[in-house]
Amino acid sequence: MKRKIRVAIPSKGRLRQPSIQALQRADINILEEERAYVSKTSDPRFEAIFARAFDVPLYVQYGAVDLGITGHDLILEREADVHELLDLGFGKCRLVVAVPENSTIRSINDISEVARVATEYPNLSRKYFEGLGKQVEILRVRGTSELAPKLGLAQIIVDVSSTGETLLKNNLKVIATILDSTCRLACNKIAFRTSESEINEFLSRLRRGGLE
Amino acid sequence: MALRPEMTAPVARIVTTRMPSAPEPIRLFYVCNVFRYSQSYVERGREFRQAGVELVGCNTPEADGEVLALLISSLKKIGLKEVRVDVGHAGLLKDLLKATGLDEEKKGILQGLLGYRDEARLKKFMDQNIFPPKLREAFLQLSSCRRLDEVSSVSPVSSKYGKTEDHLRNLSEVRDVLADYGIENLVFFNFSLTRKIEYYTGIVFEASVPNLGLPLGGGGRYDDFIEKFGKLKIPATGFALEIEKCLQALDAQGFQPQKGEKIGILVTSRFRNAAIKAVNALRNAGVVALLDVKKSDEKKVIKYAKLAGIDYVIFVDSSLEKPATVYDAKSDVSRNVKIKTFLQSIGG
């Protein structure tokens, strides 16, 4: 009757490989990494689901998967009601406010109330600017928000930055940090009750495997 | 103007304004649509249905036990398996959180840690925030309790911390009532459970099944809420189940609804009086009987019966005592038989 414990893993991007490696260190090897969205693992009680990191918080909240590896920033952006069981250490990044190098905006205080902000993180951005009492216009874009200032779509972007390289390459400077983030193991709240022993075992294996 | 997000407030209003002289305790139930707006990415259903009960005018552990027992039996009755209920105590958590003296943000972090049941992180947090030893011990013990009977062995907490001792006693008493109902093995303790509703004062609970990641419903005790609508303080407890979630859970468990195996019969006759009598007799016997109101000829009646999925067509003579012609649509055969005998043959 009981189905396998489903673990969602970022299907692409910078979080994919370290996530797979973290599982390997916990002795859970993914068997069909190359082909499938759903993959068996070396432990028959667990199966891996490859999903967009951005969607993982939702999958976990609604119980489509029991566990999920994704960024703390994404869990907050999605306002996902999940348990963050473990800080996996990798995937370090900051959610920052950035403007073009030559912009007259030097700090957050210089931002006018009618400014346009391009971002993949509309929720966190709105909250941040509301907290400053600024009703900026939030433009939700997918990927490459760095492009927005170049094309005049927005004067400001809110995006994640791990090394700062991409921002630099696009002549953007950071004027504020909204939050620091790392990769987390998120758990569905009901699954944490109904599959407590399996999930706790999974947790201690991850811990034993040594986090980054 | 507001759309109701839940039914407890409307029930509280009805109790105070429309039922002032009703003898207490009052037991009420509802099945209603409620509305919630969410700005989340997923288009959540903004209207959904709840079925719930309220037990008003009583604050005994027996009242809490009755509501919990009804919750569990309701879920079992609709066919769900592996039902579990997690119980917390809103007053206990509130009083102990208050005793920490932390600001709201840190209280939020602490509540999260209690939910993760991560002892190491909890200890670290409490050390960083300099918890008094007794309070520290209370948090550690309560967050590790999985069962209500473990709560009774939690060492007495200082009376400085609000009504903590009353709350702990209350949990043990409810546990004893549940044991009398024989359901204590389905009920778990979860110190961090809050239900995100402000008005709860006593035990709070959530029902769930494996393989459905959202609670099916829940409820709790709210002893200070009804007085907001009237002048009297009236204790109460209740629960609400989300009907759509229950259906999803049944689906996830592979529940097959029993097919309606009722037999459908079409009655036709040149003698209307006899036909109506026959229809009534068949209905009284528990079968679905229809009168041929179109007064068509035999061929058309049979054609209609086949198309409409009717099992039998009965051609009634002038009286029910006389044998009728019974046409069986499945085998395409007719026979002459008295209606009583026919009913016996189909087990009516």
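Residues numbered from 1 in each chain as written. Chains lettered and ligands numbered in written order. Predicted model: local features only at pLDDT ≥ 70, side-chain atom pairs only at ≥ 80, totals over all residues.

Undergrad: Before we go on, may I ask you to explain the overall build of chain B in this structure?
TA: Of the regular secondary structure elements, chain B holds 12 helices and 12 strands. Summarising its shape, the C-alpha atoms of chain B cover approximately 90 × 45 × 45 Å along the three principal directions. Across the 348 residues in chain B, those meeting the buried criterion constitute 34%. Of all intrachain contacts in chain B linking residues separated by at least 6 positions in sequence, the fraction that spans at least 24 positions is 62%. (Helix = DSSP H or I, 4+ residues; strand = E, 2+ residues; numbered from the N terminus. Buried ≥ 20, exposed ≤ 12 C-beta atoms within 10 Å, placed from the backbone. Contact = placed C-beta atoms within 7 Å.)

Undergrad: Before we go on, may I ask you to explain the overall build of chain A in this structure?
TA: Secondary structure summary: chain A contains 8 helices and 11 strands in total. The C-alpha extent of chain A, read off along each of the three principal axes, is 60 × 30 × 30 Å. A buried classification covers 43% of the 212 residues belonging to chain A. Taking as baseline every contact in chain A between residues at least 6 positions apart, the subset at least 24 positions apart corresponds to 65%.

Undergrad: Hey, could you run me through the sheet that holds strand 5 (residues 203-208) of chain B in this one?
TA: Pairing between the strands of a sheet is mediated by backbone hydrogen bonds and can be parallel or antiparallel. Residue and element names in this part refer to chain B. Ordered in space as 1-2-7-6-5-3-4, the 7 strands form an open sheet in which the pairing is mixed. In the strand order of this sheet, the two ends are held by strand 1 (26-35) and strand 4 (187-189), each with one partner. The sheet shows a mean angle of 20° between the axes of neighbouring strands, taken without regard to direction. Two strands pair when backbone bridges link them, and strand 2 (residues 47-56) and strand 7 (residues 236-242) are joined in this way by 7 bridges, in the antiparallel orientation. Among the inter-strand pairings, Val53 is bridged to a residue of strand 7, identified as Phe239. (Pairing = 2+ DSSP bridges. Axes fitted to C-alpha atoms, helices over the stretch in contact; angles between N-to-C directions.)

Undergrad: Could you clarify how one ought to interpret the domain arrangement of chain B in this entry?
TA: It is common to report an interface's size as the accessible area lost on association of the parts. When its domains are assigned, chain B resolves into domain 1 (8-95 + 143-252) and domain 2 (264-345). Just the C-alpha atoms count here: the centres of domain 1 of chain B and domain 2 of chain B sit 52 Å apart. (Domains from an automatic or database assignment.)

Undergrad: Help me out: how do you make sense of the confidence of the model for chain A in this one?
TA: Interpretation of this model should avoid reading the predicted coordinates in detail wherever pLDDT is low. In this model, chain A carries a mean pLDDT of 90, and residues with pLDDT of at least 70 account for 96%. For chain A, per-element mean pLDDT is lowest for strand 2 (residues 38-40) of chain A, which scores 86, and highest for strand 4 (residues 67-71) of chain A, which scores 96. (pLDDT = per-residue confidence, 0-100.)

Undergrad: I'm lost on the packing of helix 2 (residues 61-77) of chain B against helix 8 (residues 164-181) of chain B in this one. Help?
TA: A packed helix pair is summarised by two numbers, namely the angle formed by the two axes and the spacing between the axes. Residues and elements named next belong to chain B. Where helix 2 contacts helix 8, the two axes come as close as 8 Å, and the packing angle between them is 50°. Judged on the interaxial angle alone, helix 8 and helix 2 are oblique. The two elements helix 2 and helix 8 meet at a crossing, and its hand is right-handed. Facing Pro61, Glu62, Asp64, Gly65, Leu68 and Ala69 of helix 2, the residues of helix 8 in contact are Asn170, Glu173, Val174, Val177, Leu178 and Tyr181. The class makeup of the residues in the contact of helix 2 with helix 8 is 7 nonpolar, 2 polar and 3 charged. (Parallel < 35°, antiparallel > 145°, perpendicular 65-115°, else oblique. Left-handed = near helix turned anticlockwise from the far one by under 90°. Nonpolar A, V, L, I, M, F, W, Y, C, P; charged D, E, K, R; others polar.)

Undergrad: Explain the domain arrangement of chain A to me, please; I cannot follow it from the model alone.
TA: Residue and element names in this part refer to chain A. For chain A, the assigned domains are domain 1 (5-91 + 182-208) and domain 2 (93-180). Taking only C-alpha atoms into account, the centre of domain 1 sits 29 Å from that of domain 2. Counting residues at the interface gives 5 residues for domain 1 and 7 residues for domain 2. Split by residue class, the side of domain 1 that touches domain 2 holds 1 nonpolar, 1 polar and 3 charged.

Undergrad: I tried to follow the interface of chain B and chain A on my own but got confused; where do I start?
TA: Taken together, the 15 residues of chain B in the interface contact 15 residues of chain A. Elements represented by at least two residues in the side of chain B that touches chain A include exactly strand 3 (84-89) and helix 4 (104-116) of chain B. In the side of chain B that touches chain A, the residues fall into 8 nonpolar, 5 polar and 2 charged.

Undergrad: Help me understand the packing of helix 3 (residues 90-100) of chain B against helix 8 of chain B, please; the structure alone is not making it clear to me.
TA: Residues and elements named next belong to chain B. Following both chains from N to C, one finds helix 3 and helix 8 inclined at 155°, their axes separated by 9 Å at the closest point. With respect to their mutual orientation, helix 3 and helix 8 come out roughly antiparallel. Remark: the crossing between helix 3 and helix 8 carries left-handed chirality. Touching Gly91, Leu92, Asp95 and Leu96 of helix 3 are Thr164, His167 and Leu168, all from helix 8. A breakdown of the residues in the contact of helix 3 with helix 8 according to their chemical character gives 3 nonpolar, 3 polar and 1 charged.

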